[in-house]
Each structure stands twice: as C-alpha cells, then as structure tokens.
Amino acid sequence: MDLRDVSDDLSQVLYTKSQLDERLAEIAAQIDADYERKDLLLVGVLNGAVMVMADLSRALSIHCEMDWMAISSYGSGTSSSGVVRILKDLNSNLLGRHVLVVEDIVDTGLTLAYLLENLRSRKPASLEVMAMFRKPEAARNDIEVKYVGFDIPNEFVVGYGLDYAGRYRNLSGLGTLAPHVYS
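Predicted model, so just to flag it, every value in this text is computed and none were measured.

Definitions and limits used
Residues numbered from 1 in each chain as written. Predicted model: local features only at pLDDT ≥ 70, side-chain atom pairs only at ≥ 80, totals over all residues. Heavy atoms only, no water. Pairing = 2+ DSSP bridges. Helix = DSSP H or I, 4+ residues; strand = E, 2+ residues; numbered from the N terminus. Axes fitted to C-alpha atoms, helices over the stretch in contact; angles between N-to-C directions. Parallel < 35°, antiparallel > 145°, perpendicular 65-115°, else oblique. Left-handed = near helix turned anticlockwise from the far one by under 90°. Contact = heavy atoms within 4.5 Å. Nonpolar A, V, L, I, M, F, W, Y, C, P; charged D, E, K, R; others polar. Salt bridge = Lys/Arg side-chain N within 4 Å of Asp/Glu carboxyl O. Buried < 20%, exposed > 50% of the residue type's maximum accessible area, 1.4 Å probe, protein only. Phe/Tyr/Trp six-rings, centres within 6.5 Å; stacked < 30°, edge-to-face > 60°. Lys NZ or Arg CZ within 6 Å of the ring centre and 35° of its normal. Core = buried A, V, L, I, M, F, W, Y, C linked by side-chain atoms within 4.5 Å.

(A) Seen up close, the sheet that holds strand S1 (residues 10–15). Strand order in the open sheet formed by three strands is S1-S9-S8, with antiparallel pairing between adjacent strands. Every other strand in the sheet has two partners, leaving S1 and strand S8 (157–158) as the edge strands with one partner each. Across four bridges, the pairing between S1 and strand S9 (residues 174–177) is antiparallel. Residue pairing across strands places Gln12 opposite Thr176, the latter belonging to S9.

Shown next as structure tokens:
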C-alpha cells in the first residue's frame, strides 16, 4: 500500500519507500562487513519487524539464518502493563551464535531491555540490535542500538510494519498518523 492511498490519515510523510530502501542497503553493507565469515542469526521481533526483516535479509550479501520471537508488554490498552511476556519463543539455540535482533522501532526501550536480558542468558557469542526507527526523546532505558535506520520524533507513526489498531502496517513508507484518526 502506498502512502498516497491513506494521505488523509497522515499528518506528514516522514520517509518514502525509496528512502527506506536506500538506508537499508547502507545498513546491510555494514552488517555484511561486520559479520563476514560469522554464523549470523537474525531474530525478528513480531509483528512489526516483518517488513524490516524481509527487506534487510534480502539486502544482505552474507549467509544468515532467521528466527522469530513475539513479546508483549501491553495489556488491553495503549499503555504498558509493566509486565513483559514471551508469546512466541525462538526455535534456534543461541549458544555461541552471533545474534542480531531486528526491530521495527525502539521507543521507550523497556520491552527491548527485557528481551536482550533474556537472550544474553542463552549465551550467544555476540548480541546486537538493528532498529529501523528509534525515538531518542521517548527512551527510558539506555540501550545500545548498533544499527539505526532513522531517528524520528516522538510522534505517533505508522507504516513499514508499524500499525494503529491493526491497520497501516503494510504501508510502503512511514508517516505520522493524523490525530483525527485516533482521537
């Protein structure tokens, strides 16, 4: 779905498909260099990272494996419950593997901090994070994200894996959702 298809629902277009593709190619080149001759496992965080994971893995020149996790820190509302749950665990053994967690967005960092602690306990050779988007103003945890697509403002964004009420996830770019949609 193109951003133009929902232009009335967006306050602003932040990044187009071509801008996202260009940045992912740059990140993939760096990952190729950093993980050359290493056993790389990409761990995608469902559901938001599906788009990023698919595009990033195709942009890589090195071999890699992929696995998925689903975690949640949200209850029935829009604010965090403070409790993180693993909804779907990995199928892969991390022992001695080089693991790159692939995220759509790092917001407060609370859920990601829990995930990284959990994955570290499985004794990977290395553990790093790639996030397509990061909101520095929203951060409540000091989490190092080795590969960042774009730093974005602390606004309600949708597209490229990010949704509102299950919609907009399949937008090819990223935009700020207009307040009339969610108020």
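(B) Spotlight on the packing of helix H1 (residues 17–34) against helix H2 (residues 50–59). One way to put it is that H1 packs onto H2 with a least axis distance of 9 Å and a crossing angle of 55°. In terms of axis orientation, H1 runs oblique to H2. Viewed along their axes, H1 and H2 form a crossing whose handedness is right-handed. Counting all contacts with H1, which are made through Asp21, Leu24, Ile27, Ala28, Ile31 and Asp32, the residues of H2 involved are Asp55, Leu56 and Ala59. Of the residues contributing to the contact of H1 with H2, the split by class is six nonpolar, no polar and three charged.

(C) Structural detail: the pattern of salt bridges. Applying the stated criterion across every chain yields a total of 13 salt bridges. Where Glu65 meets Arg97, a salt bridge forms, and the shortest distance between an N and an O atom there is 3.5 Å. Separated by 32 residues along the polypeptide, Glu65 in strand S3 (residues 65–74) and Arg97 in the loop between strand S4 (80–88) and strand S5 (98–106) bring together distant segments of the chain. Note on Glu65: relative accessible area 43%, which makes it partly exposed. Assessed through its relative accessible area of 9%, Arg97 is described here as buried. For Lys88, the salt bridge identified is with Asp67, shortest N-O distance 3.9 Å. Of this pair, Lys88 sits in strand S4 while Asp67 sits in strand S3; the two residues are 21 residues apart in sequence, bridging distant segments of the chain. Asp67 sits in the buried class, given a relative accessible area of 4%. Through salt bridges with shared partners, one network takes in Asp39, Glu65 and Arg97.

(D) The packing of aromatic side chains, seen in detail. Applying the stated criterion across every chain yields a total of six aromatic pairs. Between Phe133 and Phe150, the ring centres sit 6.5 Å apart and the planes meet at 20°, which makes this aromatic pair stacked. Taken as a pair, Phe133 in strand S6 (residues 126–134) and Phe150 in strand S7 (residues 147–151) lie far apart in primary sequence, 17 residues in all. No difference in accessibility class separates Phe133 from Phe150, as the two residues are buried. Put simply, the rings of Tyr15, Phe133, Phe150 and Tyr160 touch in pairs and so form one group of aromatic residues. Of note, Arg167 hangs over the ring of Tyr168, and the distance from its end group to the ring centre comes to 5.3 Å.

(E) Layout of the nonpolar core. Within the largest apolar cluster, 27 residues are counted, with the highest numbers of intra-cluster contacts made by Ile31, Met130, Met132 and Phe133. Taken together, the elements giving at least two residues each to this core come down to S1, H1, strand S2 (40–46), H2, S5, S6 and S7. Broken down by element, this core gets its largest block of residues, five residues, from H1. If near-sequence neighbours (up to four positions away) are discounted, Met132 is found in contact with Leu20, Arg23, Leu24, Val52, Glu103, Asp104, Gly149, Phe150 and Tyr160. With 20 residues, the next largest nonpolar core counts Met69, Leu115, Ile143 and Val145 among its residues.

(F) Main features of the environment of Asp104. As for its placement among the helices and strands, Asp104 is situated in strand S5. Residue classification places Asp104 among the buried residues on the basis of a relative accessible area of 9%. When the C-alpha atoms of Asp104 and Val52 are compared, they prove to be 6.4 Å apart, with 52 residues separating the residues in sequence.

Keep in mind that these numbers describe shape and distance, not what the molecule does.
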